[in-house]
Amino acid sequence: MRLSRGIVCECSGASACPDGSNNGTCTTQVNGYCFATVEEVETEAGLVELERTAGCLPPDESGFMQCKSSQVPHRHPKVIECCNESDLCNRRLQPRLPTYLSDAEPAGPEPARGPQPSLLVAAALCVALVAFLAAALLLCRRRRRAGKRPPSPPAAPRSAAEASSGSGSGLPLLVQRTVAKQIQMVESIGKGRYGEVWLARWRGERVAVKVFFTTEEASWFRETEIYQTVLMRHENVLGFIAADIKGTGSWTQMLLITDYHERGSLHDYLQAAVLDPPALLAMAYSVVSGLAHLHMDIFGTKGKPAIAHRDIKSKNILVKRNGQCAIADFGLAVRFVAERDEVDIAPNTRVGTRRYMAPEVLAETLQVTDFEAFKMADMYSLGLVLWEMCRRCAAGERAQQVEPYALPYHDAVPPDPSFDDMHAVVVARRMRPPVPSRWARAPALGALAALMAECWHHNPPVRLTALRVKKTLAKFHTDCDVKLV
Ligand code: ADP
Ligand code: MG
């Protein structure tokens, strides 16, 4: 129902009540909403309590966007509920806590609504307690393994490295929350289409925090979900530490905390760096190892589903201090659920980057029910990334003589190419990035030139798989005695 005036809402909690509000109420703008959130908080005594906050939200988009998550069954977190049917309607709202962060997989279908609010709160408390105990147990075990005495009581891991070690199924919710609360933002280091990335400090260590734009909740949820996939961790996949969503007042903040890599994205790194052939091969090998790990499914009860990235590009690959790369930005990724023989596509409006789109994506012929098709599209994009790297490799030449850094198709399409621009070049004219003649004279560049051509082949099934590229590079390494890792 829509009222022609603002509505009065219950308001409680310091951040939710506007200054000067009286009687614990606030009034929304026209078409605004009342909300209620329930959040886990940790008391000074180390206990877990549930904290309820209520207040006013602005009208659509900036406010109600946050509440939409509650309407998508068992896929989105339920920290917030909204209403607008009558004054003080949020008094009866009792949002349930998300449990999705404490498990490898999102929770199964939600139980039917209806139990008493007190029962819900009790159930949520139990979940929080179990998560807390699991975290304590996990940390004690790790400390014992490392030969350290367990501190009492361990509320959170002591270092980012410790936080990010493990199977990849993610830390329990409470521990992630604790990490998120202890973060101090330092400076903004990158902006993508879906959020802003910050360098932050966590207990003296540097970490990266991606703050998603309020409208990009689906990207945050998908990326968090993917990072918590069982066996996701790999040295060439960005290391996940924690995720948190804070939904109070008239804003929602969605955070994703990961390892920080000071060299930044491959795109930024290649602007200035010039690689020698061993460095190029090691870098290429690391990217393809990361992609082969994502694409691979590992069978068994604790197995890993295959994951296709769908936005492979040099801006979504980070360079580590050891010269290896880590694949990042999983806001668009899809998983293949082998038991159900089903592609798990995120309810997400996001699409990949036009410049890196495979011909079948541009021609809109990709079969979305065929998981292999997504992997093949990733391989096309990988071919373009290999090309970007090779241009910056000096194999005998002086550093100034190598090709300057360039984006793929930089000379064929405008800076922000439209779908049609890309279609004309990649599908209609079947153009691919040019391979300079000097590459043929250097074994490493020659080998990579041959591989990239087989990655960006027009016909998807003809393209190499990530595993095949990885094995070929490993063989090149033994044949030419080049150190890859
Ligand atoms: P978006 O989803 O908005 O594209 P990304 O995850 O791709 O966000 O990050 C945007 C940019 O921020 C990257 O291109 C990179 O320059 C920088 N960045 C992201 N994560 C890190 C990190 N862990 N360490 C250093 N820089 C990072
Ligand atoms: Mg990105």
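Structural notes, computed from the coordinates. (Residues numbered from 1 in each chain as written. Chains lettered and ligands numbered in written order. Predicted model: local features only at pLDDT ≥ 70, side-chain atom pairs only at ≥ 80, totals over all residues. Heavy atoms only, no water.)

Considerations on helix 11 (residues 443-455)
Along its 13 residues, helix 11 runs 18 Å from first to last C-alpha, staying within 8% of the 18 Å computed at 1.5 Å per residue. Residues Ala-444, Leu-445, Leu-448, Ala-449, Leu-451, Met-452 and Cys-455 constitute the buried set of helix 11. (Helix = DSSP H or I, 4+ residues; strand = E, 2+ residues; numbered from the N terminus. Expected span 1.5 Å × (residues − 1). Buried < 20%, exposed > 50% of the residue type's maximum accessible area, 1.4 Å probe, protein only.)

A short note on the coordination of the magnesium ion (ligand 2)
Note on the magnesium ion (ligand 2): its protein donors are Asn-316 (OD1) and Asp-329 (OD). The metal-donor distances range over 2.1 Å. Taken as a pair, Asn-316 in the loop between strand 11 (306-308) and strand 12 (317-319) and Asp-329 in the loop between strand 13 (325-327) and strand 14 (334-337) lie far apart in primary sequence, 13 residues in all. Accessibility assignment for this pair places Asn-316 and Asp-329 in one class, buried. (Donors = N, O, S within 2.8 Å, 3.2 Å for Na, K, Ca; no water.)

Details of the sheet that holds strand 14
The sheet built from three strands is open, its strands ordered 11-14-15 with antiparallel pairing. Where the open sheet ends on each side, the last strands, each with one partner, are strand 11 and strand 15 (342-344). In this sheet, neighbouring strand axes are inclined to one another by 30° on average, regardless of whether the strands run parallel or antiparallel. Running at roughly 50° to strand 11, helix 9 (residues 371-391) makes contact with strand 11, strand 14 and strand 15 of the sheet. (Pairing = 2+ DSSP bridges. Axes fitted to C-alpha atoms, helices over the stretch in contact; angles between N-to-C directions. Contact = heavy atoms within 4.5 Å.)

Brief notes about the nonpolar core
A general trend in soluble globular proteins is that nonpolar side chains are found buried together. Core analysis: the biggest nonpolar cluster contains 85 residues, and Leu-266, Phe-330, Met-389, Leu-448 and Leu-473 have the highest contact counts within it. With sequence-adjacent residues up to four places away left out, Phe-330 is seen in contact with Arg-222, Glu-223, Ile-226, Tyr-227, Met-232, Val-237, Leu-294 and His-309. Counting residues in hydrophobic clusters, the runner-up holds twelve residues, among them Ala-200, Val-207, Val-211 and Ala-242. (Core = buried A, V, L, I, M, F, W, Y, C linked by side-chain atoms within 4.5 Å.)

Observations concerning the environment of Glu-403
Mapping Glu-403 onto the fold places it in the loop between helix 9 and helix 10 (419-428). Once residues within four sequence positions are removed from consideration, Glu-403 is found in contact with Cys-390, Arg-391, Arg-392, Pro-436, Arg-438 and Trp-439. For Glu-403, the side chain forms a polar contact with the side chain of Trp-439, separated by 3.3 Å. (Polar contact = N/O pair within 3.5 Å; in protein donor to acceptor, adjacent residues only side chain to side chain.)

Points about helix 7 (residues 277-295)
Taking 1.5 Å of rise per residue, 19 residues should cover 27 Å, and helix 7 covers 27 Å from first to last C-alpha, within 8% of that figure. Across the 19 residues that make up helix 7, a large majority, 16, are buried. For helix 7, the capping residue at the N-terminal end is Asp-276, with a side-chain oxygen 2.9 Å from the backbone nitrogen of Ala-279.

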